[in-house]
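As a plain string of letters, each chain reads:
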Amino acid sequence: DGERIEWELTLPGTGAPGVLLPFAIHDLTPRALRIAPSASVTGGPLTGIAAVVLGVADLDGAARLFGKAHGLGAPDRMVDGRFGATLAKFHDAPIVLAAPLDRQNWLGRRLAQFGPCPCAYALGARDLSAAANALQLHPGAAWFDRRMHWFDADALDGVRLAVAELTG
């Protein structure tokens, strides 16, 4: 359409770009020129990405690195046995770090194959019950006081997908 779009990109860290430390983009183009909501999702139960879950082998090391790179304090931690991981979440950041409880579980095998990388995504919903019913989701454990419902993991190819209750 002839419109020019511009952005600035930063690739922090020494590993593969965007694997553990996500790249950062500062868009210079007005939002209306970058994003056009799809009519197929207008009025639907989902609001967008609520969180990205990064699989890591060394939770303490990854938390220190991530916190330092993004100026974040110490994360909250919890264990989700059904997900098979110890989780770490930074306040006001849409990132959760996940270290496998067992090197042989799905997350441990994924890390052995790919190294540290995204392993799950949570979409947001203002009405989690309506979204769960519409999408036929499975209830999961609450993550850091946020209810989660999961898509069937067997239907996905090695990654997990959830819908998270939006709060506030």
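Higher on the page you've got the structure.
Below, the structure is looked at part by part. (Residues numbered from 1 in each chain as written. Predicted model: local features only at pLDDT ≥ 70, side-chain atom pairs only at ≥ 80, totals over all residues. Heavy atoms only, no water.)

Some thoughts on the overall build of the chain
Helix and strand content of the chain: 4 helices and 10 strands. Taken against the 2.2 N^0.38 rule, which gives 15 Å for 168 residues, the C-alpha radius of gyration of the chain at 17 Å falls within 12% of a compact globule. Once local pairs closer than 6 in sequence are excluded, the contacts in the chain between residues at least 24 apart make up 53%. A total of about 10300 Å² of accessible surface is found on the chain, and carbon and sulfur atoms cover 53% of it. Side-chain charges in the chain split into 15 positive and 17 negative, and the spacing between the mean points of these groups amounts to 4 Å. (Helix = DSSP H or I, 4+ residues; strand = E, 2+ residues; numbered from the N terminus. Rg over C-alpha atoms; globule rule 2.2 N^0.38 Å. Contact = heavy atoms within 4.5 Å. Areas by Shrake-Rupley, 256 points an atom, 1.4 Å probe, with all protein chains shown as cover. Lys, Arg positive; Asp, Glu negative; His and termini not counted. Charge placed at Lys NZ, Arg CZ, Asp CG, Glu CD.)

Topic: helix H4 (residues 128–135)
Along H4, the residues classified as buried are Leu-128, Ala-131 and Ala-132. Relative to the axis of H4, the buried residues are bounded by an arc of 100 degrees and lie together on one face. Exposed side chains of H4 directed beyond 90 degrees from the buried face belong to Asn-133 and Ala-134. On its buried side, H4 packs onto strand S7 (117–125), strand S9 (148–150) and strand S10 (160–165). Capping the start of H4 is the job of one residue whose side-chain oxygen sits 3.3 Å from the backbone nitrogen of Ser-129: Asp-127. Two residues or fewer after H4 comes Gln-136, characterised by a positive phi angle close to 55 degrees. (Buried < 20%, exposed > 50% of the residue type's maximum accessible area, 1.4 Å probe, protein only. Arc of directions from axis to C-beta. Polar contact = N/O pair within 3.5 Å; in protein donor to acceptor, adjacent residues only side chain to side chain.)

Let's talk about the nonpolar core
Within the largest apolar cluster, 20 residues are counted, with the highest numbers of intra-cluster contacts made by Val-53, Phe-83, Leu-87 and Trp-143. Leaving out residues up to four positions away in the same chain, Val-53 has contacts with Phe-83, Val-96, Ala-98, Cys-117, Pro-118, Cys-119, Ala-120 and Trp-143. Counting 12 residues, the second-largest nonpolar core is a separate cluster that includes Val-56, Ala-63, Phe-90 and Ile-95. (Core = buried A, V, L, I, M, F, W, Y, C linked by side-chain atoms within 4.5 Å.)

Remarks on the sheet that holds strand S8 (residues 138–139)
Where strands meet in a sheet, backbone hydrogen bonds hold them as pairs that are either parallel or antiparallel. The 8 strands are arranged S4-S5-S6-S3-S7-S10-S9-S8 in an open sheet whose pairing can be described as mixed. The sheet terminates laterally at strand S4 (76–80) and S8, the two strands that pair on one side only. Both S7 and S10 contribute to a ladder of 6 bridges, which runs parallel. The partner of Ala-120 across the bridge, within S10, is Arg-160. (Pairing = 2+ DSSP bridges.)

Considering the environment of Leu-97
Mapped onto the fold, Leu-97 is located in strand S6 (residues 95–100). Residue class for Leu-97 comes out buried when judged on its relative accessible area of 0%. Placed 30 residues apart in sequence, Leu-97 and Asp-127 show a C-alpha to C-alpha distance of 25 Å. Among residues more than four places away in sequence, those in contact with Leu-97 are Leu-54, Val-56, Leu-59, Ala-62, Ala-63, Thr-86, Leu-87, Ala-88 and Phe-90.

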